[in-house]
Each structure stands twice: as C-alpha cells, then as structure tokens.
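# Examining the three-dimensional arrangement
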Amino acid sequence: MATLPSIPPDDLRRHLQALSPEPLSAAALDALLVHYAELRAWSRSLALIGPGTVAEVLERHFGEALAALPLVPPEPAGSGELVDVGSGAGFPGLVLAAARPRWRVTLIEARQRKWSFLMAVARKAALSVQCLDARVAVPLPAGLPGEIERVTMRAVRLPEPVAAALLGRLGAAGSALYWTGADHPVPPPGFAVASLLPLAGSERRRIVEVRRAVGAGVESL
C-alpha cells in the first residue's frame, strides 16, 4: 500500500494554492487538507493511489483536479449538478466539490471500500456531496440528477451506449470533462470535442471537454 508523506498544514496550503489556476478560499483549502489527511490514513490499508504516483500526489492528483476549475465556473449556468464517475480517491470530484461550493456534486463509486472513503472525507470536510455506491450502466443508476451540467471522468472509459445515456442528461449549458492521455475519447453521436486543456508536467495528459454538436438539441438523444 502507498505511504504518503506528512506535510505541515501551512506548507500543504501553500503547495495546493500554487497548483491552483485561481485563488482558493480558506474553506476550500481546509477541506483539501482534510482530504489529504484521510488519504494518508486510508492508503495504509486501501489502494487509493498508485505506487507510481505517490511521490507526485499533490501535482498529479490534486493539481490535475484543480486544473479543471476554468471549465467549472464558480456560478453554474444551468442546473449546477456535477456528476463524477468512478470517483475512487476523490479526484476530481471531491476537489471540485471543495473549490466549487455552489455546485451540487454527486460522486459515483462502485467499490464499496472506496465509496466508504469518499463518505468519510465528505463528512469530515463538511462537503455537501451525494455519494452513490453504484456502477454506471444502462439503465442509469437511481439517484442521478435528471439534468446534469458537468460530467467528470478521470481514468474512466464508458461503453458508448452508457456514455450516450449519461451525456444525454446534459442540459444546454452542459459538458463532459475527460482526463486523458494522448488518445482522445470518442464522443457518442450528437457530441463533439469542444476544447482541450493541457495538464502541467506532461505533453500528453490533458482535459478534453465534450459538448453537444452544433444542431444537436437536448431532446435529440
């Protein structure tokens, strides 16, 4: 199992702020400190972070989640519902919930121990998130919002019928954000790549934003 380093709180705050593309509130930083503390504690018995990324946990995990903030504005334009698929260790879902308190965040995790971890962090960090112990499939799991403004997926690939069903719930202001490497996701019919956001420290990793194709109405899917 991974052993994450102990970092003094003030140093951790400074490091997280330096990784963020915008200033973070004191409340957001406090929540992220709780997230890191729980990650350290749970990682002793649960594989939350791959051994190859332990040395760069802040840059690779927290930093790459915070990198999405320009694509998730502080004030939602639509429903304000953000659904994070395969939340695992909380990247990016818990990080975005901390930095974007006006969004209603739903975390979906099918592995029960990781779901328990997400619940523990959300409770201790006082984050108002919904955690679903479910697998995303067709039909979509109960508890998902009827209209979604952002879908986030990091290291997750959904079969096309499942992706089409999930993205079909995006409202007019909605988009899906994929954390990916050199290979871009293939959007389901009616959707297209809208933007690419390179991630620091890599020539390949990026966030791919997918939106409805021009002329594809909300009801078309």
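Further up the page is the structure itself.
Below: a short report on this structure. Only a predicted model underlies this, so the values are computations on that prediction, with no experimental measurement involved.

How each quantity is defined
Residues numbered from 1 in each chain as written. Predicted model: local features only at pLDDT ≥ 70, side-chain atom pairs only at ≥ 80, totals over all residues. Heavy atoms only, no water. Phe/Tyr/Trp six-rings, centres within 6.5 Å; stacked < 30°, edge-to-face > 60°. Helix = DSSP H or I, 4+ residues; strand = E, 2+ residues; numbered from the N terminus. Buried < 20%, exposed > 50% of the residue type's maximum accessible area, 1.4 Å probe, protein only. Core = buried A, V, L, I, M, F, W, Y, C linked by side-chain atoms within 4.5 Å. Axes fitted to C-alpha atoms, helices over the stretch in contact; angles between N-to-C directions. Parallel < 35°, antiparallel > 145°, perpendicular 65-115°, else oblique. Left-handed = near helix turned anticlockwise from the far one by under 90°. Contact = heavy atoms within 4.5 Å. Polar contact = N/O pair within 3.5 Å; in protein donor to acceptor, adjacent residues only side chain to side chain.

Let us now look at the packing of aromatic side chains. Throughout the structure, instances matching the rule amount to 3 aromatic pairs. Ring centres of Y36 and F62 lie 6.2 Å apart, and the angle between their planes is 50°; on these two criteria the pair is classed as tilted. Separated by 26 residues along the polypeptide, Y36 in helix α2 (residues 26–42) and F62 in helix α3 (residues 57–66) bring together distant segments of the chain. Both rings, one in W42 and one in F117, keep their centres 5.6 Å apart while their planes meet at 70°; by these two values the pair is edge-to-face. Taken as a pair, W42 in helix α2 and F117 in helix α5 (residues 112–124) lie far apart in primary sequence, 75 residues in all. A relative accessible area of 23% places W42 in the partly exposed class. Note on F117: relative accessible area 0%, which makes it buried.

Ranked by size, the top nonpolar core spans 50 residues in total, and within it L39 and F62 carry the most contacts. Elements supplying a minimum of two residues to this core: α1 (9–19), α2, α3, α4 (93–99), β2 (104–108), α5, β3 (129–132) and β5 (170–180). Per-element accounting of this core gives the leading share, 7 residues, to α2. Formed by 21 residues, the second largest nonpolar core is a distinct cluster that contains V85, L144, M153 and L166.

For the pair α1 and α2, the least separation of the axes is 10 Å and the interaxial angle reads 110°. Here α2 runs roughly perpendicular to α1, going by the angle between their axes. The handedness of the crossing between α1 and α2 comes out as right-handed. Of the residues in α2, those in contact with P9, L12, R13, L16 and Q17 of α1 are L29, D30, L32, L33 and Y36.

Another point: the side chain of S175. Along the chain, S175 falls in strand β5. For S175, a relative accessible area of 0% translates into the label buried. Side-chain polar atoms of S175 contact the side chain of E209, separated by 3.0 Å. In contact with S175, other than residues within four places in its own chain, are E149, R150, V151, L170, E209, V210 and R211.

Such coordinate-based values are descriptive only and should not be taken to indicate function.
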